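The primary structure of each chain is shown beneath.
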Amino acid sequence: MIDKLEMFMALARERHFGRAAEECGVTQPTLSAAVKQLEEQLGVLLVLRGSRYQGLTPEGQRVLDWARRLVADVRTMQQEIKTVRDGLSGHLRIAAIPTALSYVPKLTMPFAEQNPGVRYSILSRSSADILSLLENLEIDAGVTYLGNEPVGRVVQVPLYRESHCLVTTRGAPLSERKRVTWREVGRVPLCLLTRGMQNRRIVDSMLAEMNADVTPTLESDSIVALMAHVRSGRWATIVPQSLAETFASETLRIIPVTEPDVGTMVGLVTTRREPHAPLIAALLRLARQVSASKKLESVAHL
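Residues numbered from 1 in each chain as written. Predicted model: local features only at pLDDT ≥ 70, side-chain atom pairs only at ≥ 80, totals over all residues. Heavy atoms only, no water.

S.K.: I tried to follow the packing of aromatic side chains on my own but got confused; where do I start?
M.R.: Each aromatic ring pair is characterised by the separation of its centres together with the angle its planes make. Across all of its chains, the model carries 3 aromatic pairs by this definition. Here Phe17 and Tyr53 contribute two aromatic rings whose centre-to-centre distance is 6.3 Å and whose plane-to-plane angle is 70°, an arrangement assigned as edge-to-face. Pair noted here: Phe17 is in helix H2 (residues 17-24) and Tyr53 is in strand E2 (residues 53-56), with a separation of 36 residues, a long-range link. A relative accessible area of 11% places Phe17 in the buried class. Measuring from centroid to centroid gives 6.3 Å for Phe111 and Tyr120, while their planes differ by 80°, and the two rings are edge-to-face. Judged by its relative accessible area of 26%, Tyr120 is partly exposed. The residue whose ring lies beneath Arg69 is Trp66, and the NZ or CZ to ring-centre distance is 4.3 Å. The positively charged end of Arg234 is found above the aromatic ring belonging to Trp235, 5.5 Å away from the centroid. (Phe/Tyr/Trp six-rings, centres within 6.5 Å; stacked < 30°, edge-to-face > 60°. Helix = DSSP H or I, 4+ residues; strand = E, 2+ residues; numbered from the N terminus. Buried < 20%, exposed > 50% of the residue type's maximum accessible area, 1.4 Å probe, protein only. Lys NZ or Arg CZ within 6 Å of the ring centre and 35° of its normal.)

Right under this line is the structure:
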């Protein structure tokens, strides 16, 4: 039954019998037969079929919700048994918004020191994609914005408040300033993240609030591409300060953007489920320790 539910979940994700079969490591006839057997066992039609996949029936959607719960519980059980036998080990899958990728090592490094038997996959995804991946059990946790968009039924652990800065080359306009305002950054040629990225929407809202009429002449969904173009000297960009510091060099100037000071909370999210799998529970404990230490630092600076 669990194998059939896994195949059914893959079909719902991929929306294509061939791709779902490839993901599950079986032939297409095997996957089709498994879904058909599941329908016969449950006594309902789950998948709308024609010459190809056409979606789920209302009953299929309900079964998908239950499949996610059952498969997640089985995976948690298997991981708990393995942890009792071998200690904490396995594969931890984390997706992060592009602007938070430079922060992820603050979690993975101490986690790796405490748990040497764990391996990691780190994905760069949009905030909406992270929630979808969590729901489909394709990742274990995400690092994303909290509060700007609905984050769904998830556990949230605040990690840090994102502040923005202007990144430009030495000798360029505004490059000698110690800080700049949101209205002023609208006066220089900008390259920004694409509009589908939440960080871009945050930047756009601040520029609009300051009545800064900005039309970037270059957009990209890649931070690396943005920084490469900034280094050319033709463009500047606006990115979170922690990310800009990752690309710091002798040729770049990193200047805080103020008036107003914008702070957007970024945190760890994972599915709201009890009990959590041992790997996820351990990651949540670490994230809460990091969050608590940040609060102590803030108090110390007051």
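The structure having been displayed, the exposition proceeds.
S.K.: Whenever I open this one, the sheet that holds strand E6 (residues 154-162) confuses me. Can you help?
M.R.: The pairing of strands in a sheet comes from backbone hydrogen bonds and takes either a parallel or an antiparallel form. Read from one edge to the other, the open sheet built from 5 strands follows the order E4-E3-E5-E13-E6, with strand pairing classed as mixed. Where the open sheet ends on each side, the last strands, each with one partner, are strand E4 (118-124) and E6. Going from strand to strand, the sheet's axes swing by 20° on average, the running direction of each strand aside. As paired elements, strand E3 (residues 90-96) and strand E5 (residues 141-145) share 3 bridges and run parallel to each other. Its bridge partner being in E5, Ile94 is matched across the sheet by Ala141. Across the sheet, helix H5 (residues 105-114) touches E3, E4, E5, E6 and strand E13 (264-271), and the angle it forms with E4 is around 170°. (Pairing = 2+ DSSP bridges. Axes fitted to C-alpha atoms, helices over the stretch in contact; angles between N-to-C directions. Contact = heavy atoms within 4.5 Å.)

S.K.: What exactly am I supposed to notice about the side chain of Ser220 here?
M.R.: Among the structural elements, Ser220 can be located in strand E10 (residues 218-220). Once residues lying within four places of it in the same chain are set aside, the contact partners of Ser220 are Leu192, Leu193, Thr194, Ala225 and Leu226.

S.K.: Even after reading the chapter, I still don't get empty space enclosed by the protein, so can you show me in this structure?
M.R.: A water-sized probe rolled over the atoms picks out the places where empty space is left. Counted by the stated rule, this structure contains 1 cavity of 30 Å³ or more. Contributing to the lining of the largest cavity are Ile97, Pro98, Thr99, Ser126, Ser127, Tyr145, Leu193, Met197, Gln198 and Asn199. Across the lining of the largest cavity, the residue classes break down as 5 nonpolar, 5 polar and no charged. (1 Å grid on protein atoms, 1.4 Å probe; cavity = no way out; pocket = protein on both sides within 12 Å on 5 of 7 lines; lining within 4 Å. Points joined across faces, edges and corners; volume = space filled by probe spheres on them. Nonpolar A, V, L, I, M, F, W, Y, C, P; charged D, E, K, R; others polar.)

S.K.: What's the story with the pairing of E4 in this structure? I'm lost.
M.R.: Put simply, side chains in a regular strand alternate between the two faces of the sheet. In terms of strand pairing, E3 meets E4 through 7 bridges, oriented parallel. By the bridge assignment for E4, Gly90 is matched with Val118. Once you follow E3 into H5 and on to E4, the crossover reads as right-handed. (Right-handed = clockwise from strand over helix to strand, strands pointing away.)

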